[in-house]
Amino acid sequence: MQINGFHGDMHSPSVGLRQGCRLSATLFGLFLDGLHHHLQVSVPYAGIKIQHTRLTDMEYADDVFLLAHCPSHLQALITALADYCQELHMQVSIAKTKVMIIGDDTQTIFTCMNQPLEQVESFKYLGLPFHQSGHIAHLITPKLNKAAASWAIVQQKHTQLQCSDTVCLKFRLFQSILAPAFHYGCPVWGMHSPTDSAANNIRKQLEQKYMLYLKRLCGVPSTTSHAVVLAEYKRVV
């Protein structure tokens, strides 16, 4: 072992790390770091094409997201993932592993380590619910609810600070608390084609609610021009 530059005796650990230990994420990251390369090499034909990039997997903390355009390729990725984890003495949680096929409700059997995986119609990933239909209209209600909750927090924080009722302070609270609630997940609903009516409807509703909160902060009527309010917001923040 080496601590602060001092080399001690060899030691074989017999217990893991405590939950929440900062070292846990680092150690897990070291083990998971080679997964992407392993999948790219082991299953070179799998993944989805985004422009000129072949995307097979996405990772966040201890969550792994595999992508393929056909069942056989996805099964190959699952098998490669299981082999990688087994080699490093890690274990895939079968109970937490789900399969979702977008645009097709056909039931296909997928397995991991010879155990069947559950195929679902919807799945929540990083707080965003995805549906096999590919539609995104269901995202609007949760986002508006979160925005309303964040608005209440802005009002509460402003009261707790016991500061003068300044637009500048409220704008800064808005930028730190409320704006992220609107922006979270924008790559999902914000990148859809302009001809996608569902995406356009979501963008329109979120924009209207976003501007309504800004106008409330300014203490101006809801009929005030968006451009005027945004200009003031940009000037202050």
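Scoring rules and cut-offs
Residues numbered from 1 in each chain as written. Predicted model: local features only at pLDDT ≥ 70, side-chain atom pairs only at ≥ 80, totals over all residues. Heavy atoms only, no water. Phe/Tyr/Trp six-rings, centres within 6.5 Å; stacked < 30°, edge-to-face > 60°. Helix = DSSP H or I, 4+ residues; strand = E, 2+ residues; numbered from the N terminus. Bend = angle between axes of the 7 residues up to and from the residue. Buried < 20%, exposed > 50% of the residue type's maximum accessible area, 1.4 Å probe, protein only. Core = buried A, V, L, I, M, F, W, Y, C linked by side-chain atoms within 4.5 Å. Contact = heavy atoms within 4.5 Å. Patch = residues over 30% accessible without salt bridge, like charges linked within 9 Å, V, L, I, M, F, W, Y side chains within 5 Å. Areas by Shrake-Rupley, 256 points an atom, 1.4 Å probe, with all protein chains shown as cover. Salt bridge = Lys/Arg side-chain N within 4 Å of Asp/Glu carboxyl O. Pairing = 2+ DSSP bridges. Axes fitted to C-alpha atoms, helices over the stretch in contact; angles between N-to-C directions. Parallel < 35°, antiparallel > 145°, perpendicular 65-115°, else oblique. Left-handed = near helix turned anticlockwise from the far one by under 90°. Nonpolar A, V, L, I, M, F, W, Y, C, P; charged D, E, K, R; others polar. Polar contact = N/O pair within 3.5 Å; in protein donor to acceptor, adjacent residues only side chain to side chain.

Enquirer: If you had to explain the packing of aromatic side chains to someone new, which residues and values would you point to?
Expert: Taken as a whole, this structure holds five aromatic pairs when the rule is applied. Seen in terms of ring centroids, Phe-174 and Tyr-210 are 5.2 Å apart; in terms of plane orientation they differ by 75°. Their pairing is edge-to-face. Placement of the pair is Phe-174 in helix 5 (residues 167-183) and Tyr-210 in helix 7 (residues 197-218), with a sequence separation of 36 residues. Taken together through their ring pairs, the aromatic side chains of Trp-151, Phe-174, Phe-182, Tyr-210 and Tyr-213 make up a single cluster.

Enquirer: An account of helix 5 is requested, with residue identities and associated values reported.
Expert: Considering bend angle alone, the principal kink of helix 5 is centred on Gln-175 and spans about 45°. Looking only at helix 5, the buried set comprises Leu-169, Lys-170, Phe-171, Leu-173, Phe-174, Leu-178, Ala-179, Ala-181 and Phe-182. Trailing helix 5 by a residue or two, Gly-185 shows a phi angle of about 80°, which is positive.

Enquirer: Account for the nonpolar core, with residues named and values stated.
Expert: If you look at the biggest cluster of nonpolar residues, it comprises 24 residues, and the most contacted ones within it are Phe-174, Leu-178, Phe-182, Tyr-210, Tyr-213 and Leu-214. Those elements that provide at least two residues to this core are helix 4 (140-161), helix 5, helix 7 and helix 8 (226-236). Broken down by element, this core gets its largest block of residues, eight residues, from helix 7. Setting aside chain neighbours within four positions, we find Leu-178 in contact with Ala-147, Ser-150, Trp-151, Val-154, Leu-173 and Tyr-213.

Enquirer: A description of a nonpolar patch on the surface should follow, citing residues and the corresponding values.
Expert: Nonpolar side chains collect at one region of the surface, where Leu-17, Leu-23, Leu-27, Leu-30 and Phe-31 lie side by side and expose about 460 Å² of accessible area between them. Following the sequence through the fold, Leu-17 ends up in the loop between strand 2 (6-7) and helix 1 (22-32).

Enquirer: Kindly report on the pairing of strand 12 (residues 128-131), identifying the contributing residues and their values.
Expert: The pairing of strand 11 (residues 122-125) with strand 12 spans four bridges and is classified as antiparallel. Residue pairing for strand 12: Lys-124 is matched across the bridge by Pro-129. The turn joining strand 11 and strand 12, which pair antiparallel and follow one another in sequence, is formed by two residues; a positive phi near 55° is taken by Leu-126.

Enquirer: Provide a residue-level description of the packing of helix 2 (residues 35-42) against helix 3 (residues 71-87), including the pertinent values.
Expert: Two elements in contact, helix 2 and helix 3, have axes separated by 10 Å at closest approach and are oriented at 130°. One finds that helix 2 runs oblique with respect to helix 3. Every pair of crossing elements has a handedness; the one defined by helix 2 and helix 3 is right-handed. Residues Leu-35, His-38, Leu-39 and Ser-42 of helix 2 form the contact with helix 3, whose own contacting residues are Leu-77, Ala-80, Leu-81 and Tyr-84. Residues of the contact of helix 2 with helix 3, tallied by class, amount to six nonpolar, two polar and no charged.

Enquirer: Hey, could you go over the side chain of Gln-119 for me, with residue numbers and the actual values?
Expert: Among the structural elements, Gln-119 can be located in strand 10 (residues 118-119). Using a relative accessible area of 13% as the deciding quantity, one classes Gln-119 as buried. A distance of 3.0 Å separates the side chain of Gln-119 from the backbone nitrogen of Thr-108, its partner in a polar contact. With residues near it in sequence (within four places) discarded, Gln-119 still touches Val-99, Ile-101, Thr-106, Gln-107, Thr-108 and Phe-110.

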